[in-house]
Amino acid sequence: MHGAKACGSHFISETKLAEIVRNDLEGYIAELNVDEAALRDRLIAMKTKELKAQQAKLNEQKKNAEARLRQLDTLLARVYEEMLLGVIPRDTLLDMSGRYNIEKAECQKTLDELLSRTREFEIAESDAENWIGRLKEYMNGKDLDNKLLRQLIKEIRIGAVNSGDNGKERTIEIDYRF
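Summarised in this report is the structure supplied together with it. (Residues numbered from 1 in each chain as written. Predicted model: local features only at pLDDT ≥ 70, side-chain atom pairs only at ≥ 80, totals over all residues. Heavy atoms only, no water.)

This brings us to helix H2 (residues 36-84). The end-to-end C-alpha separation of H2 is 68 Å, in line with the 72 Å expected for 49 residues at 1.5 Å each. At Gln54, H2 shows its maximal bend, which comes to roughly 30 degrees. Its side-chain oxygen placed 3.3 Å from the backbone nitrogen of Ala37, Asp35 serves as the N-cap of H2. Immediately downstream of H2, the backbone of Gly86 shows phi near 85 degrees, a positive value. (Helix = DSSP H or I, 4+ residues; strand = E, 2+ residues; numbered from the N terminus. Expected span 1.5 Å × (residues − 1). Bend = angle between axes of the 7 residues up to and from the residue. Polar contact = N/O pair within 3.5 Å; in protein donor to acceptor, adjacent residues only side chain to side chain.)

So, about the packing of aromatic side chains. Following the criterion strictly, the structure yields three aromatic pairs and no others. Relative to Trp131, the ring of Tyr28 lies with its centre 5.1 Å away and its plane at 75 degrees, an arrangement referred to as edge-to-face. Taken together, the positions of Tyr28 in helix H1 (residues 14-34) and Trp131 in helix H4 (residues 120-139) put the pair 103 residues apart, joining distant regions of the chain. On the basis of relative accessible area, Tyr28 is assigned to the buried category, the value being 12%. Overall, Trp131 belongs to the buried group, its relative accessible area being 0%. Measuring from centroid to centroid gives 5.4 Å for Trp131 and Tyr176, while their planes differ by 75 degrees, and the two rings are edge-to-face. Here Trp131, found in helix H4, pairs with Tyr176, found in strand E2 (residues 170-176); they are 45 residues apart in sequence, far enough to count as distant. (Phe/Tyr/Trp six-rings, centres within 6.5 Å; stacked < 30°, edge-to-face > 60°. Buried < 20%, exposed > 50% of the residue type's maximum accessible area, 1.4 Å probe, protein only.)

On to the layout of surface pockets. Put simply, the second largest pocket is a space of about 170 Å³. What lines the second largest pocket is Met46, Lys47, Glu50, Lys154, Ile174, Asp175, Tyr176, Arg177 and Phe178. Put simply, the parts of the chain that give the lining of the second largest pocket at least two residues each are H2 and E2. Here the lining of the second largest pocket is composed, by residue class, of four nonpolar, no polar and five charged. (1 Å grid on protein atoms, 1.4 Å probe; cavity = no way out; pocket = protein on both sides within 12 Å on 5 of 7 lines; lining within 4 Å. Points joined across faces, edges and corners; volume = space filled by probe spheres on them. Nonpolar A, V, L, I, M, F, W, Y, C, P; charged D, E, K, R; others polar.)

Below is the structure:
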């Protein structure tokens with residue numbers, strides 16, 4: 001945003017931001033020069049730590065979805081048996097069966113999404129390798145252009161100016177793509 005729509009307390013010049021990003025990347029480059037394997041392991045650990053926090057929640061949701069699928073199968077079987085015994089009319093069976101099947105499809109879709117998200121653990125290692133490769137490109141003289149920035153960085157968040165230190169301090173968070 002520019003002009004009247006921009007938030008003055010979150011503004012930072014492109015030159016200053018580029019300097020901050022370069023300085024941050026220099027820290028990773030220094031670590032890469034000392035021990036590439038240790039950097040790779042640390043990046044993977046950072047990624048999997050984030051994923052492990054989500055994994056417990058995903059496992060619980062997966063367990064609940066699987067339990068609900070079993071419950072729906074049991075309910076559908078009971079309703080069918082009750083229709084055969086004449087306890088409920090055929091129209092009620094069809095209505096309940098339709099609703100159960102819709103919920104089963106939604107539950108199965110949720111379960112499939114959860115299984116897909118758990119596969120992200122396997123991707124973490126290749127993400128770290130790719131990120132280190134991009135960092136090496138920069139290290140070997142490639143300009144830090146928009147394309148490389150987008151490959152290295154997911155998001156940059158600029159906090160508001162803090163009231164202390166003459167109003168010039170702010171928090172800048174850089175989320176990398178590893």
